[in-house]
Amino acid sequence: MSARRWLATMLVVPTALAAAMVATAWAREAWLASRPLAPSTLSSQPAQPAQPAQPVDATVLARGAYLARIGNCAGCHTARGGPAMAGGVPLATPFGTLYSSNLTPDPDTGLGRWSADDFWRALHLGRSRDGRLLYPAFPYTSFTGMTRADSDALYVWLRQLPARRGEVPAHSLGLLTGWQTSLAVWRLWNFVPMDGASSAADRGRYLVEVVGHCAECHAPRNRVGALRDAPGLGGGWVGIGEWWAPSLADPAEGGVQSWSDAEVREWLTSGWSSRGVALGPMADVVADSLRHLAPSDARAMAQHLRSLPVVAGKRGPVKPAPSPQIELGRRVYATHCIDCHGDRGQGRSVDGQPVYPALAGNRAVTQASARNLLQVLANGAYAAATPGHPRPYGMPPMRQVLSAAEMAAVASMVRQSWGNEASAVTEQDVLRLR
Amino acid sequence: MRRTMRRMMRRMMRGPFASAIRRAIVLGMAAALGAASAHAADVDRPLRPLVNDIAERVQACTLCHGAQGRATPEGYFPRLAGKPAGYLVHQLQNFRDGRRPHALMSGLLRNMSDDYLVEIAGYFAALDLPYPATADAGLSSQDRRMAEQLVRQGDAARRLPACVACHGAAMTGRQPAVPGLLGLPRDYLVGQLGAWRSGQRRAHAPDCMADIAKALTPAEVGAVARWLAAQPPGAPVEPASTEPLPITCGGVSP
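Residue positions are given per chain, counting from 1 as you read along its sequence in written order. The order in which chains are written sets their letters, starting at A; the order in which ligands are written sets their numbers, starting at 1. In keeping with the predicted nature of the model, local features appear solely for residues at pLDDT of at least 70, side-chain atom pairs appear and are counted solely at 80 or more, and the whole-chain, interface and lining totals rest on all residues. Here the side-chain values reflect all heavy atoms present in the structure, with hydrogen atoms and water set aside.

Q: Is there a simple way to explain the overall build of chain B in this structure?
A: Numbered from the N terminus, helices here are DSSP runs of H or I no shorter than four residues, and strands are runs of E no shorter than two. Scanning chain B for helices and strands turns up 12 helices and two strands. Listed N to C, the secondary structure of chain B is α-α-α-α-β-β-α-α-α-α-α-α-α-α in terms of helices and strands. The proportion of buried residues among the 254 residues of chain B is 39%. Two residues form a contact once any of their heavy atoms are found within 4.5 Å. Relative to all contacts within chain B whose residues are 6 or more apart in sequence, the contacts with residues 24 or more apart total 66%. Surface exposure here means Shrake-Rupley accessible area, sampled with a 1.4 Å probe, where a residue is shielded only by the protein chains that are shown. Working note: accessible area of chain B is about 14100 Å², and carbon and sulfur atoms make up 59% of it. Here the term buried applies to any residue with accessible area under 20% of the maximum for its type, exposed to any over 50%, and partly exposed to those in between, with areas from a 1.4 Å probe on protein chains only.

Have a look at this one:
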């Protein structure tokens, strides 16, 4: 082939393919938008602005409030100490920072003009009222499986919140990622609306995969940010990599297949059990959301998590840390850690109750990534104060007294002592913490 | 040099003690690797006794705040002991809820209930610990005059009440919720007043200290901070009073 023809082919063929993909993506969006919606389950539509208020069914309202708690809407949509569901909370992602929307019934800046159908379209299809495609930072990739009845209950609950007027900041995304067409193509490859009725048949699975949207943290993502094997819950980074949400399929990381039903339920609702403590972002989830689980729902979630197929992670041979680092780690441990965590990493009890966790055989210590251990070591942590565990003991922020090298040393040492076999930690790992 | 070394090594590994040397090397490596997994900490003293009480639960706080407050390269961690319990509760809530931005504090407090914060505040408020000696804060006579005027009389023209009207005649605070201002470093006081001026530090609305801090001039902020840092602390917190405060203050109402 002549050089000119070759050049023409190299330019024309990819462009034609891209154009075909874009056309297909938008055609699909048009088709999705044209499909009939599941019918509303509400007997009367809540009032539009400037109309007299309609009476609200108390059962539906209570169900909506409960779902909002279990789904942890406030986790993204309520700023700390701020007005309920008024949005504006930043979510950092590898593609930029997005800001949650105002879900209060303000007519201009919130959902005041939205109907129950509009809300269902957002949850089920990821489309805004004005037809804009929504970013999957709003996890409609999980919420798509919600039933129409649950969507309507949430809608009713949101409508009766106090309206708060306030524009939230615009998302700060790049040129390509901020383009609706990119989103349409992404959805072509990575989003399929799910049927609510079938996913709700198994309550535990519905709570984990849909309402609880656990996969949004606990499942891995591909290079364009789409979840890979969401139901498998194989582990993923939270946000831009500050915490690691462990695999719930791997018993060596976060899997609870060998726990008893009571232990899992206790952990979910109180954030604490003799098997482990919820710290970091999971403590937030327990405190804001899971502690409100009804007993039957806690049982269903526990049963689903315990029945996840075991998928052991691939672990290569562990390289021992250099002995000077281990020596430094031992000295640091003997000065700062031993009084709480014991001379053999066995933890300590008070009045027969375990208080300071063992480090020996502790999965949080030996995760493949040392990130969570370093977060807790450097910044300290308290378990959530919940009705089941109201006065937690705390881990001090050791960055105030230890250098980065000392923190790396003690982290390496606890990860490679007392039968623990995990990778060593470098000073760079510590410096990478925010 | 290298040839000599090589010849020496060859003689060692082939000589009469070669097997012993090889064994020593292998054992040495094993010991180095084994040390990592052996008994990690050789400590002869008994471990600190643990008690099921609030003092043990706040060990994570005292590491930074110490008995008398602590200055570090990361900033100053103010004294908690003896501060009015209501003030401490409000500050814990302010850190938890983002009115006082501080990543480390809000991370630790994020999931604490109000009841637990009240218990923690009550523990520190009840501590009776000595104060450190005050350091010379470089107070000029002009600073002294300016500061004493504001502290004792305020400024009617700017509607600034006297500091003592809320913080107590000896500036050691008033129960239940107004803190004492003695025994704190000058830089910390300047920093906090500055944070109110810039909106970085906030309190429950209406935020009276923000209004006051914004009405002061920078020279006055410096003078007042230097004067406060030079006063000897240790007088007790004044008891609660039924008299209304000269200004409404969200952080002082229960």
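Q: Sorry if this is basic, but what is going on with the overall build of chain A here?
A: Check the secondary structure of chain A and you find 19 helices and 11 strands. Radius of gyration: over C-alpha atoms. The globule rule applied is 2.2 Å multiplied by the number of residues raised to the 0.38 power. Whereas a compact globule of 434 residues would reach a radius of gyration of roughly 22 Å, chain A reaches 24 Å, a difference of no more than 12%. Projected onto its principal axes, the C-alpha coordinates of chain A cover approximately 75 × 65 × 40 Å. Looking at the 434 residues of chain A, the share that counts as buried comes to 48%. Taking the intrachain contacts of chain A between residues at least 6 apart in sequence as the baseline, contacts between residues at least 24 apart amount to 64%. Working note: accessible area of chain A is about 20500 Å², and carbon and sulfur atoms make up 59% of it. The charged-residue count follows a simple rule in which Lys and Arg add positive charge and Asp and Glu add negative charge, with His and chain termini not counted at all. Charged side chains are reduced to one point each, which is NZ for Lys, CZ for Arg, CG for Asp and CD for Glu. Positive and negative side-chain charges in chain A, numbering 41 and 32 respectively, have mean positions lying 5 Å apart.

Q: Which parts of the structure should I look at to understand a nonpolar patch on the surface?
A: What makes a patch is a set of residues exposed beyond 30% relative accessible area and free of salt bridges, joined within 9 Å when like-charged and within 5 Å when nonpolar (Val, Leu, Ile, Met, Phe, Trp, Tyr). Take a side-chain nitrogen of Lys or Arg and a carboxyl oxygen of Asp or Glu: if they are within 4 Å of each other, that pair is a salt bridge. Residues Trp6, Leu7, Met10, Leu11 and Val12 of chain A make up a contiguous nonpolar surface patch of about 550 Å² in total accessible area. Within the element layout of this structure, Leu11 of chain A appears in helix H1 (residues 3–34).

Q: Just to check I follow, could you spell out the interface of chain B and chain A for this structure?
A: By a widespread convention, an interface's size corresponds to the accessible area lost as its parts come together. Listed by partner, the interface residues are 40 residues for chain B and 45 residues for chain A. In this assembly, chain B packs against chain A so that about 3700 Å² is buried in total across both faces, 54% of it on carbon and sulfur atoms. Joining two parts hides part of their accessible area as seen by a 1.4 Å probe, and the buried area is that hidden amount summed over both. Interface area lost by chain B to chain A is led by Arg57, Arg110 and Asn111 of chain B, which between them contribute 17%. The interface formed by chain B and chain A holds four salt bridges in total. Linking Asp284 of chain A and Arg110 of chain B is a salt bridge whose minimum nitrogen-to-oxygen distance equals 3.2 Å. Polar contacts here mean pairs of N or O atoms no more than 3.5 Å apart (in protein, one a potential hydrogen donor and the other a potential acceptor; neighbouring residues in sequence count only if both atoms are side-chain atoms). Counting across the chain B and chain A interface gives 16 residue pairs in polar contact (both at pLDDT 80 or more). Among the elements of the structure, helix H2 (18–37), helix H3 (54–57), helix H4 (59–65), helix H5 (85–97), helix H6 (103–109) and helix H7 (114–126) of chain B are those that each provide at least two residues to the side of chain B that touches chain A. In this count, Pro and Cys sit with the nonpolar residues alongside Ala, Val, Leu, Ile, Met, Phe, Trp and Tyr, while Asp, Glu, Lys and Arg are called charged and the others, Gly among them, polar. Taken together, the residues of the side of chain B that touches chain A break down into 22 nonpolar, seven polar and 11 charged.

Q: I tried to follow the state of the cysteines on my own but got confused; where do I start?
A: Disulfide: a covalent bond connecting the sulfur atoms of a pair of cysteines. All names here are of chain B. For the purposes of this analysis, a disulfide is any pair of cysteine sulfur atoms at a distance within 2.5 Å. Per the counting criterion, the structure on display carries one disulfide over all chains. Disulfide partner of Cys208: Cys249, at an S-S distance of 1.6 Å. Here the residue Cys208 occupies a position in helix H11 (residues 208–215), and Cys249 occupies one in the segment after helix H12 (218–230), the gap between them amounting to 41 residues. The exposure class assigned to Cys208 is buried, which follows from its relative accessible area of 7%. With a relative accessible area of 18%, Cys249 lands in the buried category. No disulfide involves Cys61; its nearest neighbouring cysteine sulfur is the one of Cys64, lying 8.7 Å away.

Q: I'm lost on the pairing of strand E9 (residues 353–356) of chain A in this one. Help?
A: Two faces belong to every sheet, and in a regular strand the side chains alternate between them. All names here are of chain A. Pairing of strand E8 (residues 348–350) with E9, which is carried by three bridges, proceeds in the antiparallel orientation. Its bridge partner being in E9, Arg348 is matched across the sheet by Tyr356. Pairing between strands is defined by DSSP: at least two bridges between the two strands are required. Remark: two residues form the turn of the hairpin made by E8 and E9, two consecutive strands paired antiparallel; Asp351 in that turn has positive phi of roughly 55 degrees.

Q: Just to check I follow, could you spell out the nonpolar core for this structure?
A: Most often, soluble globular proteins have nonpolar side chains that are buried together. Residues and elements named next belong to chain A. Buried Ala, Val, Leu, Ile, Met, Phe, Trp, Tyr and Cys residues form a nonpolar core when they are joined through side-chain atoms within 4.5 Å. Counting residues in each nonpolar core, the largest one holds 52 residues, and the members touching the most others are Met146, Leu154, Leu158, Leu233, Leu268, Met301 and Leu305. Looking at which element gives the most residues to this core, the answer is helix H6 (residues 148–159), with six residues. Of all hydrophobic cores here, the second largest spans 26 residues; its members include Leu359, Met407, Ala411 and Met413.

Q: Sorry if this is basic, but what is going on with unusual backbone geometry here?
A: Peptide bonds are trans in most cases, and residues, glycine excluded, mostly fall at negative phi. Residue Pro176 of chain B is reached from Gln175 of chain B by a cis peptide bond, and omega for that bond is -5 degrees. Along the chain, Pro176 of chain B turns up in the loop between helix H9 (164–167) and helix H10 (186–198). Here the amide bond leading from Ala205 of chain B into Pro206 of chain B is cis, since omega sits at -10 degrees, within 30 degrees of zero. Along the chain, Pro206 of chain B turns up in the loop between H10 and H11. Backbone geometry at Asp351 of chain A places phi at a positive 55 degrees, although glycine is not the residue there. Here Asp351 of chain A lies in the loop between E8 and E9. At Arg159 of chain B, a position not held by glycine, the phi torsion is positive, near 60 degrees. With respect to the secondary-structure elements, Arg159 of chain B resides in the loop between helix H8 (141–152) and H9.

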